[in-house]
Amino acid sequence: MFVEVVFPLPFRKAFTYKVPSEFQKDIQLFKRVAAPFGKRILTGFIINSSEKTNVKVRLKKIQDILDEKPIFNKTSFKFYNWLSEYYLSSLGEALKLGVPYGSDVETKKKIIVNKKICNELLNKERGKNSVKEKVLDCLVTKEEISFSYLQRIISKKNIYSTINSLNKLSAVTVITELDEGKVKVKKANYTKLKKPLEKIYGTLPEIERRSPKQLKILLELIALKDKDIKVTDLIEKTNSSQSSIKGLEKKGLVEIYEKEVERKYYEEYSEKLLDFELTPKQNEVIKIVSESISKRSFQSYLLHGVTGSGKTQVYIELIKKTLSLKKTALLLVPEISLTPQITSRLTNNFGNEVTVIHSRMSLGERYDSWRKVLNGKAKIVIGARSALFSPLKNLGLIIIDEEHDSSYKQFDSTPKYHARDCAIMLGKFNNCPVLLGSATPSIESMYNARNGKYKLLELRERVDNAKMPIIKLINITKERKANRMENIFSKTLLIEIEKRLEKKEGVIIFQNRRGFSTQIFCEDCSEIETCENCSVPLVYHINKNTLLCHYCGLIKKVPNACTHCGSLSIKYFGTGTERVEDELEFYFPNARIRRVDSDSISKKNSLSKILFAFGQGQIDILVGTQMVSKGLDFSRVTLVGVVAAETSLWLPDFRADERTFQLLTQVSGRAGRSDKKGEVLIQTQNDSNPTLQKVLKHDYEGLFKNEIYHREKLKYPPFVRLALIEAKDLNEKRANGAINDFYNALLPYKKWLNISKPTYAIIAKLKGYYRFQILIKSDKEIDRGGAILRQAILEGVATYKRKSIFPQRCK
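Computed from a prediction, not measured in an experiment: that's the story for all the values here.

(A) How the structure looks around the overall build of the protein chain. Summing up its helical and strand segments, the protein chain has 25 helices and 35 strands in all. The C-alpha atoms of the protein chain give 30 Å as radius of gyration, which agrees with the globular expectation for 811 residues (28 Å, within 12%). Projecting the C-alpha coordinates of the protein chain onto the three principal axes gives extents of approximately 85 × 75 × 65 Å. A burial count over the protein chain gives 51% of its 811 residues as buried. Partitioning the contacts of the protein chain with sequence separation of at least 6, the portion at a separation of at least 24 is 74%. Just so you have it, the protein chain exposes about 40,200 Å², and 48% of that area is on carbon and sulfur atoms. The centroid of the 139 positive side-chain charges in the protein chain is displaced by 5 Å from the centroid of its 94 negative side-chain charges.

(B) Quick peek at the nonpolar core. Formed by 85 residues in total, the largest nonpolar core has its most connected members in Phe79, Leu95, Leu330, Leu388, Ile398 and Ile682. Broken down by element, this core gets its largest block of residues, six residues, from helix 15 (residues 419-430). Among the nonpolar cores identified, the runner-up in size contains 29 residues, and Tyr265, Ala329, Phe350 and Leu459 belong to it.

(C) The arrangement of the sheet that holds strand 1 (residues 2-6) in detail. The five strands are arranged 2-1-4-3-5 in an open sheet whose pairing can be described as antiparallel. Across the chains shown, the open sheet's two edge strands, defined by having one partner strand only, are strand 2 (15-18) and strand 5 (64-65). Sheet topology places strand 3 (residues 32-37) next to strand 5; two bridges connect them, and they run antiparallel. Residue pairing in the sheet places Ala34 in a bridge with Asp64 of strand 5.

(D) Structural detail: the pairing of strand 9 (residues 187-193). Relative to strand 11 (residues 254-260), strand 9 runs antiparallel, the two sharing seven bridges. Considered in strand 11, the bridge of Lys192 is made with Glu255. Sheet analysis places strand 9 next to strand 10 (residues 229-230), joined by two bridges and oriented antiparallel. Paired with Thr191 across the strands is Ile229, a residue of strand 10.

(E) Geometry of unusual backbone geometry. Residue Pro415 is reached from Thr414 by a cis peptide bond, and omega for that bond is 0°. Relative to the assigned elements, Pro415 resides in the loop between strand 16 (395-401) and helix 15. Omega for the peptide link from Pro717 to Pro718 comes to 15°, which places this bond in the cis form. Residue placement: Pro718 occurs in the loop between helix 23 (700-714) and strand 32 (720-729). In this structure, Ser170 takes a positive phi of about 65° despite not being glycine. Counting through the fold element by element, Ser170 comes out in the loop between helix 6 (160-168) and strand 8 (172-179). We note that Asn483 has phi near 55°; this positive angle belongs to a residue other than glycine. Take Asn483: it is sitting in the loop between helix 17 (476-481) and strand 20 (485-486).

(F) Highlighting the packing of helix 7 (residues 197-210) against helix 8 (residues 212-224). Packing of helix 7 against helix 8 leaves a shortest axis separation of 8 Å and a crossing angle of 155°. Considering the angle they form, helix 7 stands roughly antiparallel to helix 8. Along this stretch, helix 7 crosses helix 8, giving a crossing that reads as left-handed. Along its contact with helix 7, which presents Leu197, Ile200, Tyr201, Leu204, Ile207, Glu208 and Arg210, the element helix 8 presents Pro212, Gln214, Leu215, Leu218 and Ile222.

(G) Representation of the packing of aromatic side chains. According to the stated counting rule, one finds 32 aromatic pairs in the structure shown. Aromatic pair Tyr447 and Phe719: ring centres 5.1 Å apart, planes at 65°, arrangement edge-to-face. Of the two residues, Tyr447 sits in helix 16 (residues 443-450) while Phe719 sits in the loop between helix 23 and strand 32, which places them 272 residues apart along the sequence. Judged by relative accessible area, Tyr447 falls into the partly exposed class, the value being 22%. The exposure class of Phe719 is buried, given its relative accessible area of 12%. Centre to centre, the rings of Phe516 and Tyr540 are 5.9 Å apart; their planes meet at 75°, and the pair counts as edge-to-face. Here Tyr540 lies in strand 24 (residues 539-541) and Phe516 lies in the loop between strand 22 (506-510) and strand 23 (519-522), a separation of 24 residues in the sequence.

(H) The sheet that holds strand 19 (residues 470-475), seen in detail. Strand order in the open sheet made by the six strands is 19-31-30-22-29-28, with parallel pairing throughout. In this open sheet, the two strands that pair with only one neighbour each are strand 19 and strand 28 (593-596). Ignoring strand direction, the axes of neighbouring strands in this sheet form an average angle of 20°. Judged from the five bridges that link them, strand 22 and strand 30 (residues 637-642) form a sheet pairing that is parallel. Note that in strand 30 the partner of Ile508 across the bridge is Val640. Strands in contact with helix 19 (residues 577-587) are strand 22, strand 28 and strand 29 (621-624); relative to strand 28, the strand with the most contacts, it is inclined by about 175°. Contacts between helix 20 (residues 606-615) and the sheet are confined to strand 22, strand 28, strand 29 and strand 30, with strand 28 contributing the most and set at about 140° to the helix.

(I) Main features of helix 3 (residues 115-125). Considered for burial, the residues of helix 3 that qualify are Cys118, Leu121, Leu122 and Glu125. Viewed end-on, helix 3 has its buried residues packed into an arc of 105°, placing them on one side of the element. Turned more than 90 degrees off the buried face of helix 3, the exposed positions are Lys116, Asn123 and Lys124. Positioned one or two residues after helix 3, Gly127 has a phi angle of 85°, which is positive.

(J) Quick peek at helix 25 (residues 787-803). Over its 17 residues, helix 25 extends 24 Å from the first C-alpha to the last, a length consistent with the 24 Å expected when each residue adds 1.5 Å. All of the buried residues along helix 25 are Leu789, Ala792, Ile793, Gly796, Thr799 and Tyr800. The arc that holds every buried residue of helix 25, seen down its axis, measures 135°, which confines them to one face. The elements touched by buried residues of helix 25 are strand 32, helix 24 (732-746) and strand 35 (769-779).

(K) Local environment of the side chain of Lys694. Structurally, Lys694 is set in helix 22 (residues 690-696). Salt bridges are absent for the buried Lys694, whose nearest opposite-charge side chain, Asp699, sits at 5.6 Å. In this view, Lys694 contacts Phe661, Asp699, Gly702, Leu703 and Asn706; residues no more than four positions away in its chain are not counted.

(L) Structural context of the environment of Val373. Residue placement: Val373 occurs in helix 14 (residues 363-374). For the pair Val373 and Glu353, spaced 20 residues apart in the sequence, the C-alpha separation amounts to 9.5 Å.

(M) Representation of the side chain of Glu707. Following the sequence through the fold, Glu707 ends up in helix 23. Given a relative accessible area of 7%, Glu707 falls into the buried group. Those residues in contact with Glu707 that sit more than four places away from it in its chain are Ile443, Phe654, Asp657 and Glu658.

(N) Summary view of the environment of Leu501. The topology assignment puts Leu501 in helix 18 (residues 491-502). In sequence terms Leu501 and Ser804 are 303 residues apart; their C-alpha atoms lie 65 Å from each other. Other than its neighbours up to four places away in sequence, Leu501 contacts Phe588, Ala591, Asp620 and Ile621.

The rules behind the values
- Numbering of residues begins from 1 in every chain and follows the order in which that chain's sequence is written.
- Given that the model is predicted, a residue must reach a pLDDT of at least 70 before its local features are reported, and side-chain atom pairs must reach 80 or more before they are shown or counted; all residues, however, enter totals for whole chains, interfaces and linings.
- Side-chain metrics rest on all non-hydrogen atoms present in the structure, leaving aside hydrogens and water.
- For helices the rule is a DSSP run of H or I covering at least 4 residues; for strands it is a run of E covering at least 2, with both sets numbered from the N terminus onward.
- Our radius of gyration is a C-alpha quantity, and the globule rule it is checked against amounts to 2.2 Å times the number of residues to the power 0.38.
- With a 1.4 Å probe rolled over the protein chains alone, any residue whose accessible area is under 20% of its type maximum counts as buried; one over 50% counts as exposed, and the rest are partly exposed.
- Residue contacts are counted whenever heavy atoms from the two residues lie within 4.5 Å of one another.
- Note on areas: Shrake-Rupley, 1.4 Å probe, and residue coverage restricted to the protein chains presented here.
- Counting rule for charge: Lys and Arg are taken as positive, Asp and Glu as negative, and neither His nor the chain ends is counted.
- Taken as the charge centre is NZ of Lys, CZ of Arg, CG of Asp or CD of Glu, depending on the residue.
- Put simply, buried Ala, Val, Leu, Ile, Met, Phe, Trp, Tyr and Cys residues joined by side-chain atoms within 4.5 Å make one nonpolar core.
- A pair of strands is considered paired only if DSSP assigns at least 2 bridges between the two.
- Between N-to-C directions, angles span 0 to 180 degrees; the directions come from axes that are lines fitted to C-alpha atoms, helices contributing only their stretch in contact.
- For classification purposes, an angle smaller than 35 degrees is called roughly parallel, one larger than 145 roughly antiparallel, one from 65 to 115 roughly perpendicular, and anything else oblique.
- By definition, turning the near helix anticlockwise from the far helix through less than a right angle yields a left-handed crossing, and turning it clockwise yields a right-handed one.
- Two rings from Phe, Tyr or Trp (for Trp, the six-membered ring) form a pair when their centres sit within 6.5 Å of each other. Planes less than 30 degrees apart are called stacked, planes more than 60 degrees apart edge-to-face, and all others tilted.
- Starting at the helix axis, one direction is taken to each C-beta atom, and the arc is that of these directions.
- By this rule, a helix spans an expected 1.5 Å times one less than how many residues it contains.
- Salt bridges are identified by distance alone: a Lys or Arg side-chain nitrogen within 4 Å of an Asp or Glu carboxyl oxygen.

Keep in mind these numbers describe shape, not what the thing actually does.
Okay, here's the thing in structure tokens:
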């Protein structure tokens, strides 16, 4: 028997392996196998099997089968195949999205260091600035080091010849170890009574006389009746020891056995289950989508519902309908901050049929959630974009909440997919409806709805007779001239906060920047303290008194003087959430204030605890980044303050106006979600800005018409497809040369595509790498399905590899 295997590597082909006889009965398509690849053993996916092969060379054998049952089925395999084609990745890289991180099997090289010999060789190599010197300089400080870690430290991948030469000199020993994955099924010892109760009772007098601790254990087990208990829990409860339980096992009174333990993720946040009376409009939306669920027919719906219009309750009712037909449901949310509230509401309605998947969970929790879905024990999955790849069977409904959010796009690893667009294709392959929900739909989605590609559904009014908040713009330039500014706050905003605190109402203050000051500036030389690895300013964090790069994580001490000229005239500019929190504490010393950003919620469940306390009235003012702008539903919030409206408005991005409108509208929607009137105060330097005026009037329609007009004129989505080609390297000249070589490889397609000349990326240096970019526009009138664009990039890569003098690692 032979199998074709694909690996999560950038190779767009499958590799054929021979199957040893002992594995043949377990071979099934879409299972994972451990197989030799070069000098390594890697985890791959079986995509085909046969009894014959046309491959003439001697074939390697697979080493192991990793799964009891297939991870994918034919439908999901078609989806991953489409994903790899559309986003220009290998099939193996796409399939890897469907398995939890840390469960792969692979071999890793470890280097054992002989420090004495390495020191002698380093002394001879000093001053040569060679790769060998860099390697030795690192090795002399270590007893052992992994091969990959050494490559990262010295920023060189090709160190094989250097290590081989050191191996021959006995300076190092290289060993290959099989890493069976970072995460496995967790098991623990459990115990319960082995004999009937009447026989146990007969032994109690004797045990009481000989071993009082064993008696306590037996009495605890008798109280549990036929239930088992974890051995560690029993020891803690009875204040006994392992040996006492072992003694009872030898007497044949109890049995000890190993049992799988589920690592379940629990949110600290909780709400009571409330009865909702649906509005006629909500019922209408539910009826329309339910027809597609019942008929098992694919249809994309765009639900445009204002903030507080009851979209979440619509989702819950539709999931109820889905489960009643013995189908499963997937709900994606863009931010982790949305999961505590919505998870609580789903759990209230559906109990253990709900499972959560997101990055705040531990590896073990994510792995167990994934296995729970794979084994059919969970019918509803909620999570961020990675939850899209959960192995749900018999999928009946997909919901994308806040579909406009940019965090649905994967920028970091291959394939660089967009979860919203992939969800629509997943629904198409599974013949199930896809519901996109938002108070501020993306321009692309609304354009698709207006053109009939999606079906538009609307909820124009808030539930429970709640009214849209009153929004006011505060021109801080005019306020400053009138002496009405108190540092970063206008007196108007401070007065309104004071009023809410007196009424015991909730306040949310929004500033979409972390840290205290966003830059340190020298008045004498006009230089800014920037990151040495990235071309961005360092941000001052007052809590730890450090400068931090928010891109590479570099931490530096706060300088007493300018590091460029030595001047003492350094000033702190810009405002982050730490400064907002600090100043609010000064103006309102008795108020209970908490901050919500990625710095303050790093501990597990810290976000859930903060949101629960805020909902219970234990926190007066919530200060935060965009984490507080979406999805939070607290009836006690009557005031939202925005410190600086221009944070996203001035970005060099064709979506800047759209995203500013979305962000400000979303954060405004946190106010007045009950019978209490809500108010939003937005501080700005230009209150006549057209986008801010549209926020003021809740004018999404005006924004849409303006954006569509300009995008059609300037050739931007939804009228074109965009592709961004990036070359990066530690050497600036190599990166520049590589991007120019790639540009030349694309030129044959210039009559069909609009290809920009190579330029520096907006952040020209990131994590030590110099970055250059090419922007390609593909007009949908000419290239309807994007085939020309994809062909141009693939052929461009092939030509670049053939002709470029620059290394292929410059990517």
